[in-house]
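Topology and contacts: notes
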Amino acid sequence: MTSTGTVASATSALAVPDPDEPGTTGTTLGDLAVPARLVPPQMPLAALDALFRRDAGLRWVVTDRPEAPVLVSRSWFEVSMTGRLGYGRLVHARRDLSDLGVPATLRFPAGAPVPQAAAAVVERRAAGDHLLDAVVVTAPGNRLLVVPVTALFEHLARQYAWQALHDPLTGLPNRISLLERLRQTDSQGVLCYIDLDRFKDVNDHLGHSAGDQVLVEFARRLRGVARAEDLVVRLSGDEFAVVTGTAMSAEQRSALADRIVLAAAAPFVVSALGADGPAEHLVSLGASVGVAGSDGRLPVSLDDLLHQADLAMYRAKSLGRGRVAHFDSELLAEAETSDVVRARHEMERRLRHAIETGGLALHYQPVVALPGGQVTGVEALARWDDAELGVVPPDRFIPLAEQTGLIVDLGRWVLQTACREAAGWPAGPTGVAATVAVNVSAVQLAQRDFLDDVVRALADSGLAPERLCLEITETAAITDLGATAARLTQVRDLGVRLALDDFGAGHSALSLLRALPLDLVKIDRSFVERVASDTADAVLVRLVVEAAHSLGRRVLAEGVESDEQARQLIAMGCDAAQGWLFGKPEPASPALTERLSRRAVSGPRPGPGAARCCRSGATTSWCWSPPRTCGSATPPPAAARSSAGSRRS
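Presented here is a report on the structure given in the accompanying data block. Counting from 1, residues in each chain are numbered in the order their sequence is written. Side-chain atom pairs in this predicted model are given and counted only at pLDDT of 80 or more, local residue features only at pLDDT of at least 70, and totals for whole chains, interfaces and linings cover all residues. Where side-chain values are given, they derive from all heavy atoms of the structure, hydrogens and water being excluded.

**Side note on the overall build of the chain**
Counting secondary structure elements, the chain contains 24 helices and 27 strands. Taken over 649 residues, the chain has a buried fraction of 49%. Helix and strand definitions here come from DSSP, where helices need a minimum of 4 consecutive H or I residues and strands a minimum of 2 consecutive E residues; each element is numbered from the N-terminal end. Accessibility here uses a 1.4 Å probe with only protein chains present; expressed as a share of the type maximum, an area under 20% marks a residue as buried, one over 50% as exposed, and anything in between as partly exposed.

Next comes the structure, spelled out in C-alpha cells:
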C-alpha cells in the first residue's frame, strides 16, 4: 500500500459507517488530525534535539520538503540520535535534517477514511517498522496535519463495538442491544413489536436492493414517530420494535401504535433495475403492530414484554394485517393452544426423543492449516433428519434446544458421539491423528457436572485429551466470567484444547481473550466473507489476529469460500481455516476416515497447472501462498467455488 522512496501516498477513499453518525459517509482522517509542528528542511539535528528536549509533549515534527512533507517521529529520532553505541549525538552534531535518512512517511488527504490509513499502518508494522506512530494529513490550503496511530485504532475499536450492537443497514440498535437492556433493567414502559406486511413481495419482485431501501426509509420514519428517550430497534429481517422508557395510558399506547401503522402505510419510493434500466417504483406495504406494557404499578421485564408483544403482533396479523393488537391474559391462554405453539411443542417432544434414542447424527467439516491446506482436524456439527418433520436445519432446532434446556442433553450426546467416532480415526503417515472440535454453550458450562461429562466422554472413548477441542459459544450468556474461566482452566488441565467460537459476533470482546484460558480464536464468518472486499473488515480481522497472537492464541477463520479470502487470511497471519472452499460437512464414513488419514480435503480440486505445496508435498493439499513465500513455481489454484450466496455449516 506504500510506495518506495521517502513518501508513501494513499489517495483512494472508502466510506465506512461512523459510530457517532450512523448512515453518514464515515469519519475521515481530517476529523482526527491535529496541527503539525513545522520545522525547516535544513534544521540542524542539534537544534531539533534541543526542541524535543524542551517540549516533553512534542511527539512529531514535519518538514515540508519540496518533493513532499516528511514526518520525523520523536521516538525514531531519539533512537537515531543515541545510536547503537551511545555516540550518536557526537556523530550527528554538525548534520541537519536533510542528511538524516528518515523512514518513508505515510501521507493521506484529509478526506481519506480511517480504515485506509489503519490498513497502511498495519502493513508497515508487519514489515518491521515498529516505530511508526503517526501519519501526515494534507488539508486544503496546503495545511499539514498529523494523526497519531493510537487515534486511528481507538476510532476503529469504537466502530467495532458500535457494529456489534447495531444493524449495519439502518443504523438502529439490534436485537443484541435490546437483550442487553433486557438483562440489565426492568421496565415500566411499553413495547411495540412491528412486522412489515407484504415485505417479501418487494424482495421477490423488485430485488433485495429495493427491500433494503424500504427498510432504511421505515427505520427513518420510526425514529420520527418515537420520542428521543425511546429505543428503536431492528430485531431481524422486516421486524422492528419501539420500547418506551416510561409507562403509558391505554390511550397513549393506542396513539403510538396507530402512528406506527400510518408511518408504514405511507407509500415507499424505491429504485429498481428493470428491463429498460433503472426505474422508480411506488410500493405500498403496511405493518402489523403488537403492543404490550406495564400498567405503571408493577415493573415488567423486557423479556416478558418482548414475548407478550410478539404474541400480540401475531394476533394483529391474524386480524387482517395493517392492524394493532394489545396483549391481554386471554391472548396468552390462546397462544398455548395455537397451531404455532402446538407445532413448537411437537418439535420439542420429537427433539427430546431424538436425543434419547440416537435420532440425530454428526457431520464433520475439515479444519485446515494455512498456508499449506493440510487437514489438521474437523468440527462436529449436529444434524437432524426426523421421520415426520423431515430435515430440520440447525438454526431451528439448536435455538429450540437452548430455550427449552435440551441443549445440555444435546451437548452431552454430541460430545460423547464425537469422541467415540474420532477415537477410531488412524494417525496416518504423520503419526498424529486429526483433532475433533465440539461446540459447548454457556448453559452447559454452568452445569456442575460439566467437567465430569468431559472426563467420562474421554474415558469411555479412549480419545487422547489433546485431540479434543471445545469451542465456547454464546459468550453473551456468560454471566460470571471468573467462574467460567475457573471451570475452563480445569478442563484445560485435562489436556483438552479450548477455542472461542464466532469471535466478532454479538458480545465477543477482546477482554475474553485475556480472561479465558484459550488456545484458539475463531473469527466469525460475517467478517471473513468480506475480508477480501471491505477494507474495514480486513483491518478488524488483522487486529484480531495480532491481538490473539500477542496473547499466545492461534487464530482460525470460519466460512472461507474463495481462494482470494484464503490468500488474504494468509497474508494477515491467520493460522487455520474452515469453510466450503476446503470441504462441506459430511457424516462419518470409511471415505472420511481415509481422507483424514491422508490429510486430504474434500473440497474443490486445484485447476490445471496448480502446483503441489512445497511445504506439505501432499498430492491432495494445496498451498495458497504467493510463490515468493512458499517457493511454488506456478500460480495458486483458481477459485473453484463461487462465494455468492449464503452457506452455513
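**Re helix α23 (residues 590-598)**
By the burial criterion, the buried members of α23 are Leu592, Arg595, Leu596 and Ser597. A contact between two residues is defined here by any heavy atoms of the two lying within 4.5 Å. Contacts from the buried residues of α23 go to β18 (360-369), β19 (375-386) and β27 (586-587).

**Focus on the packing of aromatic side chains**
Geometry of aromatic contacts follows a simple scheme: Phe, Tyr and Trp rings, the Trp one being its six-membered ring, pair when their centres are within 6.5 Å, and the pair is stacked under 30 degrees between planes, edge-to-face over 60, tilted otherwise. Scanning the entire structure with this criterion turns up five aromatic pairs. Centroid distance phenylalanine 52 to phenylalanine 77: 5.5 Å. Interplanar angle 45°. Geometry classified as tilted. Of this pair, phenylalanine 52 sits in helix α2 (residues 45-54) while phenylalanine 77 sits in helix α3 (residues 74-82), and the two are 25 residues apart along the sequence. Ring centres 5.8 Å apart and planes at 90° place the aromatic pair tryptophan 384 and phenylalanine 397 in the edge-to-face group.

**Comments concerning unusual backbone geometry**
Following leucine 370, the chain continues to proline 371 via a peptide bond in cis, the omega torsion being 10°. Along the chain, proline 371 turns up in the loop between β18 and β19. Of note, the phi angle at arginine 198 is positive, near 60°, even though the residue is not glycine. Relative to the helices and strands, arginine 198 resides in the loop between β10 (190-196) and α8 (199-206). Residues other than glycine seldom take positive phi values, yet aspartate 502 does so here, at roughly 55°. Along the chain, the position of aspartate 502 falls in strand β23 (residues 497-503).

**Quick look at the pattern of salt bridges**
The salt bridge definition used is simple: a Lys or Arg side-chain nitrogen within 4 Å of an Asp or Glu carboxyl oxygen. Taken as a whole and judged by the stated rule, the model has 25 salt bridges. Of the charged contacts, one joins aspartate 230 and arginine 227 as a salt bridge, the two residues approaching to 3.1 Å between their closest N and O atoms. Linking lysine 522 and glutamate 558 is a salt bridge whose minimum nitrogen-to-oxygen distance equals 3.5 Å. In this pair, lysine 522 sits in strand β24 (residues 520-523) while glutamate 558 sits in the loop between β25 (554-557) and α22 (563-571), placing the two residues 36 residues apart along the sequence. Residue lysine 522 shares its accessibility class with glutamate 558, and that shared class is buried. It is possible to trace a salt-bridge network through shared partners that takes in Asp409, Arg412, Asp449, Asp453 and Arg456.

**Focus: the pairing of strand β21 (residues 435-440)**
Counting buried residues along β21, five of its six residues qualify, which places the element largely inside the surrounding structure. Two strands pair when backbone bridges link them, and β19 and β21 are joined in this way by three bridges, in the parallel orientation. By the bridge assignment, valine 378 is partnered in β21 with valine 436. Of the strand pairs in this sheet, β21 and strand β22 (residues 468-472) are connected by five bridges, and their pairing is parallel. If you follow alanine 437 over to β22, its bridge partner there is cysteine 469. Each pair of strands is called paired provided DSSP finds at least two bridges between the two strands.

**Considering the environment of leucine 256**
Examined against the element boundaries, leucine 256 turns out to sit in helix α10 (residues 250-265). Residue leucine 256 is classed as buried on the basis of its relative accessible area of 2%. Considered as a pair, leucine 256 and valine 242 are 14 residues apart in the sequence and their alpha carbons are 9.6 Å apart. The residues contacting leucine 256, other than those within four sequence positions of it, are Cys192, Val225, Thr244 and Met248.

**Re the nonpolar core**
Residues grouped as a nonpolar core are buried Ala, Val, Leu, Ile, Met, Phe, Trp, Tyr and Cys residues, joined through side-chain atoms within 4.5 Å. In terms of nonpolar packing, the biggest core is built from 79 residues, with Val436, Leu468 and Leu470 touching the most fellow members. One finds Leu215, Phe218, Phe240 and Leu256 within the second-largest nonpolar core, a separate group that totals 32 residues.

**Things to note about the sheet that holds strand β3 (residues 38-39)**
The three strands are arranged β3-β4-β5 in an open sheet whose pairing can be described as mixed. The sheet is open, and its two borders are formed by β3 and β5 (69-73), each paired with just one other strand. In this structure, strand β4 (residues 60-64) lies alongside β5, joined through five bridges in antiparallel fashion. The residue of β5 that forms the bridge with valine 62 is leucine 71. The angle between two axes is taken between their N-to-C directions and runs from 0 to 180 degrees, where each axis is a line fitted to C-alpha atoms and a helix contributes only its stretch in contact. In this fold α2 packs onto β3, β4 and β5, with an angle of close to 145° to the strand it touches most, β4. Relative to the sheet, α3 contacts β4 and β5, its axis offset from that of β5 by approximately 70°.

**Here we look at the environment of serine 177**
Within the secondary structure, serine 177 is located in helix α7 (residues 175-184). For serine 177, a relative accessible area of 15% puts it in the buried group. Here the alpha-carbon distance between serine 177 and alanine 164, two residues 13 residues apart in the chain, equals 8.7 Å. Side-chain polar atoms of serine 177 contact the backbone oxygen of leucine 165, separated by 2.5 Å. As used in this structure description, the phrase polar contact means that two N or O atoms lie within 3.5 Å; if the pair is within protein, one of them must be able to donate a hydrogen and the other to accept it, and residues adjacent in sequence are counted only when both atoms belong to side chains.

**Points about the packing of helix α5 (residues 114-126) against helix α21 (residues 535-550)**
α21 packs onto α5 with a crossing angle of 40° between their chain directions and a minimal axis gap of 9 Å. The angle between the axes of α5 and α21 places the two elements in the oblique class. With respect to the hand of their crossing, α5 and α21 are arranged in left-handed fashion. Contact residues: Pro115, Gln116, Ala118, Ala119, Val122 and Ala126 in α5; Thr535, Ala536, Val539, Arg542 and Glu546 in α21. Classification used: nonpolar for Ala, Val, Leu, Ile, Met, Phe, Trp, Tyr, Cys and Pro, charged for Asp, Glu, Lys and Arg, polar for all others including Gly. Looking at the contact of α5 with α21 residue by residue, the classes come out as seven nonpolar, two polar and two charged. The labels follow the angle: roughly parallel below 35 degrees, roughly antiparallel above 145, roughly perpendicular from 65 to 115, and oblique for the rest. Crossing handedness follows the turn of the near helix against the far one: under a right angle anticlockwise gives a left-handed crossing, and clockwise gives a right-handed one.

**Here we look at the side chain of arginine 542**
Inspection of the secondary structure assignment puts arginine 542 in helix α21. A residue counts as positive if it is Lys or Arg and as negative if it is Asp or Glu; His and the chain ends are not included. Glutamate 546 is the oppositely charged side chain nearest to the buried, salt-bridge-free arginine 542, at an N-O distance of 5.1 Å. Ignoring sequence-local partners within four residues, the contact set of arginine 542 consists of Val122, Ala126, Ala571 and Met572.

Don't take any of this as a statement about function, it's just geometry.
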